[in-house]
Structures are given as structure tokens and as C-alpha cells.
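# Fold and contact review
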Amino acid sequence: MFNIKLLNKISPAGLDNFDCSKYAYGEDVQNPDAIMVRSAKMHDMEFDDSLLAIARAGAGTNNIPCDKCAENGVVVFNTP
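Residues numbered from 1 in each chain as written. Predicted model: local features only at pLDDT ≥ 70, side-chain atom pairs only at ≥ 80, totals over all residues. Heavy atoms only, no water.

## Looking at the nonpolar core
Convention followed: Only buried residues count toward a nonpolar core. Its members are Ala, Val, Leu, Ile, Met, Phe, Trp, Tyr and Cys residues joined through side-chain atoms within 4.5 Å. Burial here depends on accessible area, computed with a 1.4 Å probe over protein chains only, as a share of the maximum for the residue type. Under 20% is buried, over 50% is exposed, and the range in between is partly exposed. Throughout, a residue-residue contact means that at least one pair of heavy atoms, one from each residue, lies within 4.5 Å.
Counting residues in each nonpolar core, the largest one holds ten residues, listed as Ile 35, Val 37, Ala 40, Met 42, Phe 47, Leu 51, Ile 54, Ile 64, Cys 69 and Val 74. Beyond its immediate chain neighbours, meaning those up to four positions away, Ile 54 contacts Ile 35, Val 37, Met 42, Phe 47, Ile 64, Cys 69, Val 74, Val 75, Val 76 and Phe 77. The next biggest cluster of nonpolar side chains, apart from the first, holds seven residues, and it includes Leu 6, Leu 15, Met 36 and Ala 55.

Pasting the structure below:
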């Protein structure tokens, strides 16, 4: 099972696409495999070694520390 931390309110229209037998998601997820974010500023956040990807629900990645993610092998992408 993959754990996805939500940093902002994400539309149920998008979340309903996740198979609940394969993915757990929510704002209280600990040690996430992935993070979904809309507008939260992430530049001062510390990331666990378990983090594999950060998905931005929107255009751009200006609120995500892309350099830090690249150094740690964390994939960053957006979904405008």
C-alpha cells in the first residue's frame, strides 16, 4: 500500500480515482510515499527518506523545493 499525504484540500473528484486497496491518503498520513499539494509552501519542510514523489495539483512547482527534491531522488510533477 502507498501512503499519500495531502497538504491542502484536494477535490474528491480526483481522489475517488485512487483504489483504496492500494492507496491510503489524508492530511494525517505519517511517513508518506508521496505528497499531493496545491498551494502550501514546502521550502522549509523536512522530508522522510520514504518520500518518492510530490504532485502539485495545479500549474507550476514554485512552492516545492525542486533542487532539494532532485538531490534526494524525489520526483516532482504538476497536473495543471
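Still more to cover.
## Things to note about the sheet that holds strand β1 (residues 2-6)
Applicable threshold: Two strands qualify as a pair provided DSSP detects at least 2 bridges between them. Helix numbers and strand numbers start at the N terminus; a helix is a DSSP run of H or I with at least 4 residues, a strand a run of E with at least 2. To get an axis, a line is fitted to the C-alpha atoms, and for a helix only the part in contact is used. The angle between two axes follows their N-to-C directions and goes from 0 to 180 degrees.
Taken in spatial order, the five strands of this open sheet run β2-β1-β3-β4-β5, and their pairing is parallel. The outermost strands of the open sheet, each flanked by one partner alone, are β2 (23-26) and β5 (75-78). This sheet shows a mean twist of 20 degrees between the axes of neighbouring strands, independent of strand direction. With four bridges joining them, strand β4 (residues 53-56) and β5 adopt parallel strand pairing. Bridging across to β5, Arg 56 finds its partner in Asn 78.

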